[in-house]
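Architecture and fold: a report
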Amino acid sequence: MSQAPLEQREISAPRVGRFKVYIQGDLKHSQFIILTVHDLGCNHSMWTNFLASPSMEEINRRGAFIHVDIPGQEDEAPDLPADYTFPTMQSLGEDLVCVLDQLDVKQVICVGEGAGANIAARFAMAQPERVLGCVLIHCTGTTAGVMESLKDKVMNWKLEQIGMNPSTEAYLCLHRFGSFEKAENKEQLQKVIESFQESLRSKINPRNLKRFVQAFMRRSNIADQVEKIKCRVMMVTGSKASFNHTVHNLFARMRERLDKKECDILEVDGVANVLEEKPERFAESLLYFLQGMGLVGGVPMPRVQRSASIDSTGTPPSRTRSMSMEEADMPRGIYSMSPPKYGSSPTRGSSGDVLSTSPTMS
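Here the structure is a predicted model, which is why all the values come from computation and not from measurement.

What follows is about helix 10 (residues 244-257). The periodicity of an α-helix, 3.6 residues per turn, causes residues three or four places apart in sequence to face the same way. Under the 1.5 Å per step criterion, the end-to-end length of helix 10 is 20 Å for 14 residues, consistent within 8% with the ideal 20 Å. Of all the residues in helix 10, the buried ones are Asn244, Thr246, Val247, His248, Asn249, Leu250, Phe251, Ala252, Arg253, Met254 and Arg255.

Next comes the structure, spelled out in structure tokens:
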């Protein structure tokens, strides 16, 4: 399916200065609007590439998208001014409301990956009445650890002194794709990584990227503020992802402080980057997520298999309990999902990954 051309706008914001946003679809007449925020080393093109996947056709047909580029991260961007104060992650999240206000959009579903997921979560906390739902892919909730900070110092020095370089590429690839050696389909992942590396070398401004990375590394803790989120949340991770344990860590905190029926997790088995390696799995769960909020109706749903652990009443045994942050850091299996309000039950796809909100079809 061919995609409509993107409408580009610049949105002023008090601390960020200006966001460049790219509108895909009809904001006035769509059933819902999704606001996307990208990861380190990326921009809105990561989302437009994903939306071109055949598995996203039904969602594209019904929804519109606002893709936000973090300052200086667009393709072939000029250097940010020397006197420009790059915003913090908190400022980026809070200033996203300016995008909605200036586009005359009342509410959105936020979808973010990596650093973008952290920003999206902050927006949901700051403007709970403007966010209908949050889909957070590989979202970190804590501050940067010691090893992460050490790697960051080396990477930032090289970005400043010699521009894009093998060490920085390796760091960003590990950030987005996990350890390559762990991949089940190495040939497929190799092609994705090579495309990402080519974009880093030819399109992304390394000095601007350095400033985004620094903001991410200096991020504040959001795990202790999750009760500010008032919308439904779906956490997403791959079982091989670098931030897998961090996602479970944040999910555990959400389960402690939020309504369990409003917080689900999708863990796709055997992959590091869900969007790139299993786009159909993510699209399927996103469709369920939107349907669970009453935003999508009359869509033929993909066939999924019920988990064998579901008993005769249709209720799965609970395998989730409250846990400390220390326990949440330990490797663990896949959480079972709590049944959503609209009468669905947790299921697994044919590959064994948990599908977060799978409606029971009549």
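The next point concerns the confidence of the model for the chain. For the chain, mean pLDDT is 79; residues scoring 70 or higher make up 72% of the total. Note that pLDDT drops below 50 for residues 303-362; the model gives that stretch 125 contacts with residues more than four away or on any other chain.

Turning our attention to unusual backbone geometry. Its identity is not glycine, yet Asp104 carries a phi of approximately 60 degrees, on the positive side. Mapped onto the fold, Asp104 is located in the loop between helix 4 (97-102) and strand 5 (108-113). Accessibility expressed as a relative area gives 54% for Asp104, which makes it exposed.

Moving on, we get to helix 12 (residues 279-292). Between its first and last C-alpha, helix 12 extends 20 Å over 14 residues, near the 20 Å set by a 1.5 Å rise per residue. With 13 of 14 residues buried, helix 12 lies mostly within the body of the structure. Once helix 12 finishes, Gly294 follows within two positions and takes phi at roughly 75 degrees, a positive value.

Turning our attention to the nonpolar core. If you look at soluble globular proteins, the nonpolar side chains tend to sit buried side by side. In terms of nonpolar packing, the biggest core is built from 101 residues, with Phe19, Leu136, Met235, Met254 and Phe282 touching the most fellow members. A per-element tally of this core places helix 5 (residues 115-126) first, with 8 residues. When near neighbours in sequence (up to four residues on either side) are disregarded, Phe19 contacts Arg9, Glu10, Ile11, Ala13, Val68, Asp69, Leu92, Asp95, Leu96 and Val99.

Scoring rules and cut-offs
Residues numbered from 1 in each chain as written. Predicted model: local features only at pLDDT ≥ 70, side-chain atom pairs only at ≥ 80, totals over all residues. Heavy atoms only, no water. Helix = DSSP H or I, 4+ residues; strand = E, 2+ residues; numbered from the N terminus. Expected span 1.5 Å × (residues − 1). Buried < 20%, exposed > 50% of the residue type's maximum accessible area, 1.4 Å probe, protein only. pLDDT = per-residue confidence, 0-100. Contact = heavy atoms within 4.5 Å. Core = buried A, V, L, I, M, F, W, Y, C linked by side-chain atoms within 4.5 Å.

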